[in-house]
Amino acid sequence: MIGRLQALMRWGFMRVEAVFNRAFGDRLNPYYHLGPLTFFLFWIVAGTGLYLFAFFDTSVTGAYQSVEGLTHRQWFIGGIVRSVHRYASDAMVVTMVIHMLRYFAFDRLRGFRAFSWVTGVALIWLVYAAGANGYMLPWDQLAQFVTTTSFEWLDWIPLFRGSLIRNFIYDSTVSDRLFSLLVFIHIGVPLLTLLLMWVHVQRVPKAAMQPPKPIAVSAGVMLLVLALVLPVVSQGGPAHMAVVPSQLKLDWLLLGLYPLVHAWGPAWTWALVLGVTGLLLVQPWLVWRRAGGAARTLNVTVHPDARHVSARRGETILEAGLRAELPLQYDCRAGGCGLCVCTVLNGKFDHGPYQPATLTEAMRERGQALMCCAVPLEDLEIEVETLEPLIKQEFSATVVSMERLAPEVMRLLLQPPADLKLDFIAGQYLNVILEDGERRAFSFANPPMQRPLIDLHVRRIPGGRFTGHVFDGMQVGDTLRLEGPLGRFTLREGERPIVFLAGATGFAPVKSIIEDAFARGITRPMRLYWGVRQVSDLYMRDLAETWQCEHANFRFIPVLSDGAPGDGWEGRRGLVHQAVLEDFPDMRGQELYACGSTMMVQTAVPAFLSHGLEEGACFSDAFVLNAPRAAAAESTS
């Protein structure tokens, strides 16, 4: 029964959210920001409440007159503030209830989320209590009704035995001390609410507490318009205990239960409140909607850096990643924006509810999922488009060695500080920070196990600021400012044969990956096609040939593009990607890693894809001259 109700509610929410997406865009859909919007409304209620309190007389005889003076004598400020205070309180109830219903509909209340669910139920009742208490303070006819009904309701509790309502039989029995207590409650309950709101979000990874600015501004304007069009005023004159209020306009959002106290009696009203509250509180422990085995922690491997995070039962991939402090991209957290799309490489999962326009059938067929909705059912291996390193550091390093590997290639060995823990993954790069803050990117040419030294291969760029300095001015002992590690050009786990395509100093990250693979005992077949213009550009040819002799699963194929007949070269000639296609006219089943100039990569990758290479098995990193983002050559002018 509950499962069917949740399915019906999910259906409704998804369609309403789709309409709002078309109207406002997924990033400004208020349904995706109900929690932050509630925080924003709370601060409006708190701010306007402080202003009202500054002019409020806490005595029984002065309360009504102070509110009337505030409302009418300074209507342009006080009257508007009073109205905004009331409407923001109502709006807060609306956002909280919708937020709760939405989480119930999507079944996001079990396991680790039970804590947030239970505290959320308590928060709703605290807001109701604060709102009802606020209606007591103007001490008009409505305040009289709310106050007497509240204490009649409370007097049903055996602890009080009718002692509370005695304070409201006559006007003379309502003392200033009692009225001051009501004011104190109206301050204390919101403070407790704020504390519980903070506690409530502690189990939510990277919980947002402020809505996008356009939503906040729109909400503020809406409240202001309501305050001007439907100003809040006192009802029926001052409270008079000898007269029973007969005609009142109730705030049904905050006072909807009060007519039931008179219609049903306190006992049945308590039964309704306690029954609904109990039913809400036990929801996280009722039968699971999703089938599953014993509760256990699942492992999610996130590529390109092969980072491992644990996922609790019922936890989405995004929640698990954020809890592990992975810098994943996301926005709506509700399957509407598509920013958190990933590719599932291995493992079973539940896609969860999402907008069909965001995750199309074609995307699903390619193995893509939305991390904010997808729930692992077993250990998963996924890949995301961008994933910056967990630890990106800025540090200084000393040049300890300079070796000219070729006429236009310099090898730099850098020594970072002894106390620096520089964890990088084979294939990543770092930035050299110049004096004016500009950055030049170079790949690690050494594998991670060869730390602490950093090995860089620098190719001279005609007119280049940094590379010109390396060849013409740099000396051993100089200090460089560096930033890293960075990048996602790293080896993926798998069983496919690997084809490496390196152009010029694109050999540097490939060297790091290959040596790391050898050290880790990877036995997958590997071929390295290294394309250069002339023989002298094969600056580590001997090393690559040594790999071929020592490792049966490795082959080295150098390719010259500009060599002339008679230069003594007996190897392959032409464009390096064409050499690959000559050997593999059908690229299906291969895994490709290409690093080199933009032209090389942009020419090679489409050619490989047209020959059967799968998109999910093609990884490339192109270095661009005169740009701060590069992989293996200087980005300089």
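Residues numbered from 1 in each chain as written. Predicted model: local features only at pLDDT ≥ 70, side-chain atom pairs only at ≥ 80, totals over all residues. Heavy atoms only, no water.

Things to note about the state of the cysteines
Here comes step 1: The full count for this structure, using the stated rule, is zero disulfides.
Here comes step 2: Counting only cysteine sulfurs, C373 is the nearest neighbor of C372, a cysteine outside any disulfide, at a range of 3.6 Å.
Here comes step 3: Among the cysteines around C618, which has no disulfide bond, C595 carries the closest sulfur, lying 13 Å off. (Disulfide = S-S within 2.5 Å.)

Some points on the sheet that holds strand β8 (residues 393-406)
Here comes step 1: In spatial order, the strands read β11-β10-β13-β8-β9-β12; together these six strands make up an open sheet with antiparallel pairing. A strand with exactly one partner marks an edge of an open sheet, and here the two such strands are β11 (439-443) and β12 (454-459). Neighbour-to-neighbour, the strand axes of this sheet turn through a mean angle of 40°, independent of strand direction.
Here comes step 2: Alignment of strand β10 (residues 429-433) against strand β13 (residues 479-486), held across four bridges, turns out to be antiparallel. Of the residues in β13, the one forming a bridge with V432 is L482.
Here comes step 3: Across the sheet, helix α14 (residues 465-472) lies against β8, β9 (409-415), β10, β11, β12 and β13, angled at about 105° from β12, the strand it touches most.
Here comes step 4: This element, helix α15 (residues 507-519), spans β11 and β12 of the sheet and lies at about 155° to β12. (Pairing = 2+ DSSP bridges. Helix = DSSP H or I, 4+ residues; strand = E, 2+ residues; numbered from the N terminus. Axes fitted to C-alpha atoms, helices over the stretch in contact; angles between N-to-C directions. Contact = heavy atoms within 4.5 Å.)

Observations concerning the sheet that holds strand β1 (residues 298-303)
Working definition: the strands of a sheet are paired by backbone hydrogen bonds and lie parallel or antiparallel to each other.
Here comes step 1: Taken in spatial order, the five strands of this open sheet run β2-β1-β7-β3-β5, and their pairing is mixed. Of all the strands in the sheet, just β2 (307-311) and β5 (368-370) have a single pairing partner and so form its edges. Between one strand axis and the next, the sheet turns by 40° as a mean value, whatever way the strands run.
Here comes step 2: Note: β1 against β2, five bridges, orientation antiparallel.

With respect to the pattern of salt bridges
Here comes step 1: Applying the stated rule across the entire model yields 29 salt bridges.
Here comes step 2: Of the charged contacts, one joins R102 and E17 as a salt bridge, the two residues approaching to 2.6 Å between their closest N and O atoms. You can see R102 sitting in helix α4 (residues 75-105) and its partner E17 sitting in helix α1 (residues 2-24), a full 85 residues away along the chain. For the pair R102 and E17, one class covers both residues: buried.
Here comes step 3: With its nearest N and O atoms 3.2 Å apart, the salt bridge here joins R572 to D583. In this pair, R572 sits in strand β17 (residues 572-573) while D583 sits in helix α17 (residues 576-583), placing the two residues eleven residues apart along the sequence.
Here comes step 4: For R572, a relative accessible area of 26% gives the class partly exposed. (Salt bridge = Lys/Arg side-chain N within 4 Å of Asp/Glu carboxyl O. Buried < 20%, exposed > 50% of the residue type's maximum accessible area, 1.4 Å probe, protein only.)

Describing the nonpolar core
Here comes step 1: W139, V146 and L255 are the most contacted members of the largest nonpolar core, which totals 72 residues.
Here comes step 2: In this structure, V146 is in contact with A132, Y135, M136, L255 and Y258, ignoring residues within four places of it in sequence. (Core = buried A, V, L, I, M, F, W, Y, C linked by side-chain atoms within 4.5 Å.)

Quick word on a nonpolar patch on the surface
Here comes step 1: Among the surface-exposed residues, V217, V221, M222, L224, V225, L226, L228, V229 and L230 lie close enough to one another that they form a single nonpolar patch of about 780 Å² accessible area.
Here comes step 2: In this fold, V221 is placed in helix α8 (residues 213-229). (Patch = residues over 30% accessible without salt bridge, like charges linked within 9 Å, V, L, I, M, F, W, Y side chains within 5 Å. Areas by Shrake-Rupley, 256 points an atom, 1.4 Å probe, with all protein chains shown as cover.)

Observations regarding the confidence of the model for the chain
The predicted structure's coordinates, where accompanied by low pLDDT, should not be read in detail.
Here comes step 1: Residues with a pLDDT of 70 or more make up 94% of the chain, whose mean pLDDT is 88.
Here comes step 2: Predicted confidence is poor over residues 289-294, with pLDDT under 50, and the contacts of this stretch with residues over four places away or in other chains come to twelve contacts.
Here comes step 3: Of the regions scoring below 50 in pLDDT, residues 626-637 engages in 61 contacts with residues more than four places distant in sequence or in other chains. (pLDDT = per-residue confidence, 0-100.)

As for the packing of helix α2 (residues 34-54) against α4
A pair of packed helices can be characterised by two numbers: the angle between their axes and the separation between those axes.
Here comes step 1: Running from N to C, α2 and α4 point in directions that differ by 155°, and their axes come no closer than 8 Å. Relative to α4, the element α2 is oriented roughly antiparallel. The crossing of α2 and α4 is left-handed.
Here comes step 2: A class-by-class count of the residues in the contact of α2 with α4 yields 16 nonpolar, nine polar and two charged. (Parallel < 35°, antiparallel > 145°, perpendicular 65-115°, else oblique. Left-handed = near helix turned anticlockwise from the far one by under 90°. Nonpolar A, V, L, I, M, F, W, Y, C, P; charged D, E, K, R; others polar.)

Examining helix α5 (residues 114-136)
Here comes step 1: For α5, built from 23 residues, the straight-helix expectation of 33 Å at 1.5 Å per residue is met to within 8% by its first-to-last C-alpha distance of 34 Å.
Here comes step 2: For α5, a buried count of 17 out of 23 residues is recorded, marking the element as mostly surrounded by other parts of the structure. (Expected span 1.5 Å × (residues − 1).)

Notes on the environment of N446
Here comes step 1: In this fold, N446 is placed in the loop between β11 and β12.
Here comes step 2: Note: C-alpha distance between N446 and A508 (62 residues apart in sequence) is 7.9 Å.
Here comes step 3: Leaving out residues up to four positions away in the same chain, N446 has contacts with F424, L453, I454, D455, K511 and S512.
Here comes step 4: Separated by 3.1 Å, the side chain of N446 and the backbone oxygen of L453 make a polar contact.
Here comes step 5: At a separation of 2.9 Å, a polar atom in the side chain of N446 contacts the main-chain amide nitrogen of D455. (Polar contact = N/O pair within 3.5 Å; in protein donor to acceptor, adjacent residues only side chain to side chain.)

Focus on the pairing of β1
Here comes step 1: Among the six residues of β1, five are classified as buried, and the element is accordingly described as predominantly covered.
Here comes step 2: Between β1 and β2, which pair antiparallel in sequence order, lie three residues; one of them, A306, sits at a positive phi of approximately 55°.
Here comes step 3: Strand direction decides the pairing type here: β1 and strand β7 (residues 380-383), joined by four bridges, are parallel. When the sheet's bridge partners are listed, H303 is paired in β7 with E383.

Things to note about the side chain of K511
Here comes step 1: Take K511: it is sitting in helix α15.
Here comes step 2: In this structure K511 touches A445, N446, D455, H457, M540, L543 and W547, once residues within four positions along its chain are discounted.

Things to note about the environment of Y593
Here comes step 1: Along the chain, Y593 turns up in strand β18 (residues 591-597).
Here comes step 2: Setting aside its immediate chain neighbours within four residues, Y593 contacts F489, T490, L491, R492, I498, V499, F500, L501 and F619.

So, the packing of α2 against α8
Here comes step 1: Contact geometry of α2 with α8 gives a least axis separation of 11 Å together with a crossing angle of 45°. Relative to α8, the element α2 lies oblique. Crossing angle aside, the handedness with which α2 passes α8 is right-handed. Contacts from L37, F40, L41 and I44 in α2 reach I215, A216, A219, G220 and L223 in α8.
Here comes step 2: When grouped by side-chain class, the residues that make up the contact of α2 with α8 number eight nonpolar, one polar and no charged.

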